[in-house]
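Overview (structure and organization)
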Amino acid sequence: MSELKGLFYPRTPTGKASIVPPVPWHYSGDLITLEYRTDPAKVAALMPEGFELADEDPGALAAIWADWQSTGDDPGQLLDPVRVQYKEMFIVCRCKFQGKTYTRCLYIWVDKEFAMLRGQHQGYPKKLGSIQMSRPVVVGKAGPRLEPGGTFGVTLAAFDRRLAEGRFTIREECESAGFVNGHPMAHSRWMPAIETDGTQSLNEVVTMSGFDVEKGRCFKGDFDITYFDSPVEELLDIAPQEKIAGYWHEIGVSWRAGTTLARNNLA
């Protein structure tokens, strides 16, 4: 019997067939972040045991569309774009755990299997979806310019239903893209026991942050966002009640490992 390798399944003697490549992972992306306020009680209802809302502005959320290129240390991955390019849409809040403030992902969709499984390893509750966002252009008329008046569209769909759509219009340059997504992440990693009797084989609270962070251009502006009903989603519970601000921004970051804050795994 050979020693099987690979961060995730399928594990093989070489590890080459694993869905997820070895860490570290490097990300470069364009993001549209739309911050708004919703009912804090609806956000609190999504907090598992041990979590509580942030002290300030507890109903503040950020809906984020991202167009990513990500890779491991193997430079050959970048020459095979289908393996490294993906889009995602996610909604985050701020929360407290063990007295410290974190950012927490409430919902998230991605359009590639490797991104979904990689995120579930980190504790993101990723699901598959269709994510689209306007691309900026520097020539021609087939896209918005990165200048005041440039307007971008974003959409999210899953299971043949549109779940969200929005528009963002640049008003001015700025230094940073809001405040909701500005803390280390705190996630839950869950895996029900195979007996499916209510026990959890994996039940952990983890935190993580990146390294080698690089921030690029950043623009602030006005936006609209709408969520739609679905038989398998609950976005209307956290629909916007008040807009804060929208942003288009660039970021690069690397990730290697997280830290376990609490663990209650099945023995």
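Below is a short write-up of the structure. Please read these numbers as outputs of a predicted model, since none were measured by experiment. (Residues numbered from 1 in each chain as written. Predicted model: local features only at pLDDT ≥ 70, side-chain atom pairs only at ≥ 80, totals over all residues. Heavy atoms only, no water.)

1. Some remarks on the overall build of the protein chain
In terms of regular secondary structure, the protein chain is built from 2 helices and 14 strands. Compactness check: the protein chain gives a C-alpha radius of gyration of 19 Å against a globular reference of 18 Å for 267 residues, within 12% of the reference. The dimensions of the protein chain, computed from C-alpha atoms along their principal axes, are 60 × 45 × 35 Å. Relative to its 267 residues, the protein chain shows a buried fraction of 43%. Here the protein chain contributes 29 positively and 35 negatively charged side chains, and the mean placements of these two sets differ by 4 Å. (Helix = DSSP H or I, 4+ residues; strand = E, 2+ residues; numbered from the N terminus. Rg over C-alpha atoms; globule rule 2.2 N^0.38 Å. Buried < 20%, exposed > 50% of the residue type's maximum accessible area, 1.4 Å probe, protein only. Lys, Arg positive; Asp, Glu negative; His and termini not counted. Charge placed at Lys NZ, Arg CZ, Asp CG, Glu CD.)

2. Side note on the pairing of strand β11 (residues 200–208)
Sheet analysis places strand β10 (residues 185–192) next to β11, joined by 8 bridges and oriented antiparallel. Following the sheet pairing, Arg189 is matched in β11 by Glu204. Sheet topology places β11 next to strand β14 (residues 259–263); 4 bridges connect them, and they run antiparallel. Bridged to Val205 within β14 is Ala262. (Pairing = 2+ DSSP bridges.)

3. Thoughts on the side chain of Thr71
In this fold, Thr71 is placed in strand β3 (residues 60–71). A polar contact of 3.1 Å, which involves the side chain of Thr71, links it to the side chain of Gln77. Discounting chain neighbours no more than four positions away, the residues touching Thr71 are Pro24, Trp25, His26, Gln77, Leu78 and Val84. (Polar contact = N/O pair within 3.5 Å; in protein donor to acceptor, adjacent residues only side chain to side chain. Contact = heavy atoms within 4.5 Å.)

4. Observations concerning the pairing of strand β1 (residues 25–37)
In the sheet, β1 pairs with strand β13 (residues 242–255) via 13 bridges, with the strands oriented antiparallel. Across the sheet, Trp25 pairs through a bridge with Trp255, a residue of β13. Sheet topology note: the β1/β3 ladder contains 12 bridges and is antiparallel. Within β3, the residue paired with Gly29 across the bridge is Trp68.

5. Some details on the nonpolar core
One finds Trp65, Met89, Ile91, Trp109 and Tyr227 to be the most contacted residues of the largest nonpolar core, which totals 38 residues. Per element, the largest residue contribution to this core is 5 residues, and it comes from strand β4 (residues 85–97). (Core = buried A, V, L, I, M, F, W, Y, C linked by side-chain atoms within 4.5 Å.)

6. A short note on the pattern of salt bridges
Taken as a whole, this structure holds 13 salt bridges when the rule is applied. With a closest N to O distance of 3.3 Å, Glu242 and Arg37 form a salt bridge. Remark: Arg37 occurs in strand β1 and Glu242 occurs in strand β13; sequence separation between them is 205 residues. In this structure Glu242 comes out as partly exposed when scored by relative accessible area, which is 43%. Two residues, Lys127 and Glu233, come together in a salt bridge whose shortest N-O distance is 2.8 Å. Highlighted residues: Lys127 in strand β6 (residues 126–128) and Glu233 in the loop between β12 (211–227) and β13, separated in sequence by 106 residues. Taking relative accessible area as the criterion, Glu233 reaches 10% and is therefore assigned buried. (Salt bridge = Lys/Arg side-chain N within 4 Å of Asp/Glu carboxyl O.)

7. Some details on the packing of aromatic side chains
Evaluated as defined, the whole model comprises 10 aromatic pairs. Both rings, one in Tyr86 and one in Phe114, keep their centres 5.7 Å apart while their planes meet at 85°; by these two values the pair is edge-to-face. Here Tyr86 is found in strand β4, whereas its partner Phe114 is found in helix α2 (residues 113–122), with 28 residues between them in sequence. Overall, the relative accessible area of 3% leaves Tyr86 in the buried class. Grouping aromatic residues by their ring pairs yields a cluster made of Phe152, Phe168, Phe219 and Trp248. A cation over a ring is seen here: Arg104 above Phe51, with NZ or CZ 4.4 Å from the ring centre. Lying across the ring of Tyr124, Lys126 places its NZ or CZ 5.6 Å from the centre. (Phe/Tyr/Trp six-rings, centres within 6.5 Å; stacked < 30°, edge-to-face > 60°. Lys NZ or Arg CZ within 6 Å of the ring centre and 35° of its normal.)

8. Considerations on the state of the cysteines
Within the structure shown, the criterion is met by 0 disulfides. A disulfide-free cysteine, Cys93 has its sulfur positioned 5.2 Å from the sulfur of Cys95, the nearest such atom. Residue Cys93 is classed as buried on the basis of its relative accessible area of 0%. (Disulfide = S-S within 2.5 Å.)

9. A few points about the side chain of Glu88
Inspection of the secondary structure puts Glu88 in strand β4. A polar side-chain atom of Glu88 sits 2.7 Å from a polar atom in the side chain of Trp68. Other than its neighbours up to four places away in sequence, Glu88 contacts Ile64, Trp65, Ala66, Trp68, Ile108, Trp109, Val110, Lys126 and Ile131.

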